[in-house]
Amino acid sequence: MCSIVDMEVLDRFADQILVTPTELAACWAELEQQLAVFALAVAHVEGGGAWADDGSVTMRAWMRTHLRMSDIDAGVWLRRAGLLNRYDAFAECAVTGALSSSQLRELERCDRRKYRRLLGELQEDLAADIADLDAAQTALACDLWRQRAGALVDDDEPAVEPRRTLNTAVAGDGHLLGRFSLDPAGRFEFETAIDNAVTWHGKQETRTAEERRGDALFDIVAFFNLNHAGNGTPRHHPHLSMSMDITTLDAPSAVNDQTGELIDTGCAGTKLCDCIIHTILRAPDGTPLSFGRATYTVPRHLFKQVAARDGGCRFPGCSRPVKFTEAHHIHWWEHHGTTDYPNLALLCSRHHHLVHRIDLRLEWINNWDLQITWPDGTQRVSQPRGAPPTRRPQPRAA
Ligand SMILES: [Zn+2]
Ligand SMILES: [Zn+2]
């Protein structure tokens, strides 16, 4: 048997592989310059037409056959070849390393047919403008250039759409990390929303400015989930599709059926409080036997009664109105707490998660004042902000 991987071959390259970060950066810079030369060579061969000698119908087809490239990769190189061939300033910056390949990719987006004359005139200025920028800043600078070019070039093509991007990744601890870029209009909407959503608890505030903005972002997202017009109802219960083991309902850990990921106990508990539950009855071997009807854990009329009493989040110091809130079961639903008026209190999504996560104790003291007890014994009280009914609402006849 002959193995395709021969470790001794790798040993011969060891001094090129086992390098320092500085050497790695130098290695990449050198490689990028070679790639620029390669792109110019592609342009030269394409222009010469000799690729047709073996019967290939296009340069792109020749590259698929002889360079074992996918159609997409061949297209990438032909675009790069076209850019460097058309604009001497960009070619010079590419072969000297003054512009990186990622920056050249952004310039390719400026290389539209209708902007070519303008880009030809302004290539040196643009190259100088972006030379010291990183890839993300270059993308913004190129967007701006195209917007200005679009305003200068008179033709019928639709204006360039503003470019907004959001990239996210999940870290090992389950946190979502992200990076985003918004055009000026997007920035205005974003900053206005954060300013409106940020809360401050006065002297009792312990969160940093950064944490308060993070909480504001949570509230904005949760608010959208509760209020978007997706199916035409004003209050959107999360449609819960998670698989739980009936024997662990007291400390629910569940699997999100959409992503297959484990939902942590606090979060599963929060969702169980106020959602639409789809019951799936399974046979012992796990095959679904029947899909039950979707049921609201908190019926609409009951939510309205609780909302009329509480008038918003009942967490002490929180002023979020009803639109931000979910109904919390004071005796937790999964601990067999009942779904009726005295067992429900409104909490905004953020405080609802907090109550489940750190297991706060809630109880009514005189006339719907809500007392919250922390595990360390700290107690705080909130008053209802709505108009409580004079009579306790009677459960509806089924
Ligand atoms: Zn709850
Ligand atoms: Zn709240």
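Everything below is about the structure shown above.
Residues numbered from 1 in each chain as written. Chains lettered and ligands numbered in written order. Predicted model: local features only at pLDDT ≥ 70, side-chain atom pairs only at ≥ 80, totals over all residues. Heavy atoms only, no water.

Colleague: An account of the packing of helix α10 (residues 184-197) against helix α11 (residues 209-227) is requested, with residue identities and associated values reported.
Modeller: Where α10 meets α11, the axes come as close as 9 Å, and the angle between the chain directions of the two elements is 100°. Relative to α11, the element α10 lies roughly perpendicular. Contacts between α10 and α11 involve F190, A193, I194 and A197 from the first element and R213, A216, L217, D219 and I220 from the second. Taken together, the residues of the contact of α10 with α11 break down into seven nonpolar, no polar and two charged. (Axes fitted to C-alpha atoms, helices over the stretch in contact; angles between N-to-C directions. Helix = DSSP H or I, 4+ residues; strand = E, 2+ residues; numbered from the N terminus. Parallel < 35°, antiparallel > 145°, perpendicular 65-115°, else oblique. Contact = heavy atoms within 4.5 Å. Nonpolar A, V, L, I, M, F, W, Y, C, P; charged D, E, K, R; others polar.)

Colleague: I'd like a description of the pairing of strand β12 (residues 369-373), backed by residues and values.
Modeller: Of all five residues in β12, five are buried; the element is thus mostly enclosed. Where burial is concerned, the two faces of β12 agree: the one with D369, Q371 and T373 and the one with L370 and I372 are both buried. As defined by bridge partners, strand β11 (residues 361-365) adjoins β12 across five bridges and the pair is classed as antiparallel. Considered in β12, the bridge of I365 is made with D369. Taking the residues that link successive antiparallel strands as the turn, the β11-β12 hairpin has three residues, and the phi of N367 there is positive, at about 50°. Note that β12 and strand β13 (residues 379-382) share four bridges and pair antiparallel. The residue of β13 that forms the bridge with T373 is Q379. (Buried < 20%, exposed > 50% of the residue type's maximum accessible area, 1.4 Å probe, protein only. Pairing = 2+ DSSP bridges.)

Colleague: Pulling in residues and values, what's your account of the coordination of the zinc ion (ligand 2)?
Modeller: Reference values for angles at a metal are 109.5 degrees in the four-donor tetrahedral case and 90 or 180 degrees in the six-donor octahedral case. Donor atoms from the polypeptide that bind the zinc ion (ligand 2) are C313 (SG), C318 (SG), C348 (SG) and H351 (ND1), placed at 2.0 to 2.4 Å. Here the zinc ion (ligand 2) binds four donor atoms, and the angle range of 100 to 116° at the metal identifies the geometry as tetrahedral. Within one chain, the residues donating to the zinc ion (ligand 2) are spaced in sequence as C-x4-C-x29-C-x2-H. Of this pair, C318 sits in the loop between α13 (300-310) and β9 (325-329) while H351 sits in helix α14 (residues 349-357), and the two are 33 residues apart along the sequence. (Donors = N, O, S within 2.8 Å, 3.2 Å for Na, K, Ca; no water. Tetrahedral: all angles 85-135°; square planar, octahedral: opposite > 155°, others 65-115°.)

Colleague: Now, about a nonpolar patch on the surface: what can you tell me, with residues and values included?
Modeller: Taken together, the side chains of V9, L10, F13, I17 and L18 define a hydrophobic patch exposed on the protein surface, amounting to about 480 Å² of accessible area. Secondary-structure assignment places V9 in helix α1 (residues 7-12). The exposure class of V9 is partly exposed, given its relative accessible area of 31%. (Patch = residues over 30% accessible without salt bridge, like charges linked within 9 Å, V, L, I, M, F, W, Y side chains within 5 Å. Areas by Shrake-Rupley, 256 points an atom, 1.4 Å probe, with all protein chains shown as cover. Salt bridge = Lys/Arg side-chain N within 4 Å of Asp/Glu carboxyl O.)

Colleague: Could you give me a rundown of the sheet that holds β13, with the residues and numbers involved?
Modeller: Sheet architecture is open: three strands sit in the order β11-β12-β13, paired in antiparallel fashion. With partners counted over all chains shown, the strands left at the sheet margins are β11 and β13, one partner each. Going from strand to strand, the sheet's axes swing by 25° on average, the running direction of each strand aside.

Colleague: Go over helix α7 (residues 101-110) with me, naming the residues and quoting the values.
Modeller: In terms of burial, α7 is a largely internal element, seven of the 10 residues being buried. Restricting attention to buried positions, one finds in α7 the residues S101, Q103, L104, E106, L107, E108 and C110.

Colleague: Give a detailed account of the packing of aromatic side chains, specifying residues and quantitative values.
Modeller: Under the counting rule described, the total for this entry stands at eight aromatic pairs. An angle of 85° between the planes, with centres 5.1 Å apart, marks the rings of W364 and W368 as edge-to-face. By the ring-pair criterion, three or more aromatic residues cluster together here, those being Y341, W364 and W368. Lying over the aromatic face of Y341, R309 brings its terminal NZ or CZ to 4.7 Å of the ring centre. (Phe/Tyr/Trp six-rings, centres within 6.5 Å; stacked < 30°, edge-to-face > 60°. Lys NZ or Arg CZ within 6 Å of the ring centre and 35° of its normal.)

Colleague: Describe helix α3 (residues 21-48), listing the residues and the values that go with them.
Modeller: Compared with the 40 Å implied by 1.5 Å per residue over 28 residues, the 40 Å span of α3 between its first and last C-alpha is a close match. Restricting attention to buried positions, one finds in α3 the residues E32, A36, A39, V42 and A43. At its buried positions, α3 is contacted by α4 (59-66), α5 (71-86), α6 (88-96) and α7. In the segment just after α3, G49 is the residue with positive phi, at about 80°. (Expected span 1.5 Å × (residues − 1).)

Colleague: Explain the pairing of strand β10 (residues 344-348) to me, using residue names and the numbers behind them.
Modeller: Of all five residues in β10, five are buried; the element is thus mostly enclosed. Here β10 shows a buried face lined by L344, L346 and C348 and a second buried face lined by A345 and L347.

Colleague: Please set out the pattern of salt bridges residue by residue, giving values where relevant.
Modeller: The final tally for this structure, using the stated rule, is 20 salt bridges. Of the charged contacts, one joins R86 and D111 as a salt bridge, the two residues approaching to 2.9 Å between their closest N and O atoms. Here the residue R86 occupies a position in helix α5, and D111 occupies one in the loop between α7 and α8 (116-130), the gap between them amounting to 25 residues. Classification of D111 by relative accessible area gives buried; the value is 10%. Across the pair D111 and R116 runs a salt bridge whose closest N-O atoms are separated by 3.0 Å. Because the salt bridges share partners, they merge into one network encompassing E205, R207, D215, D219, R320 and R350.

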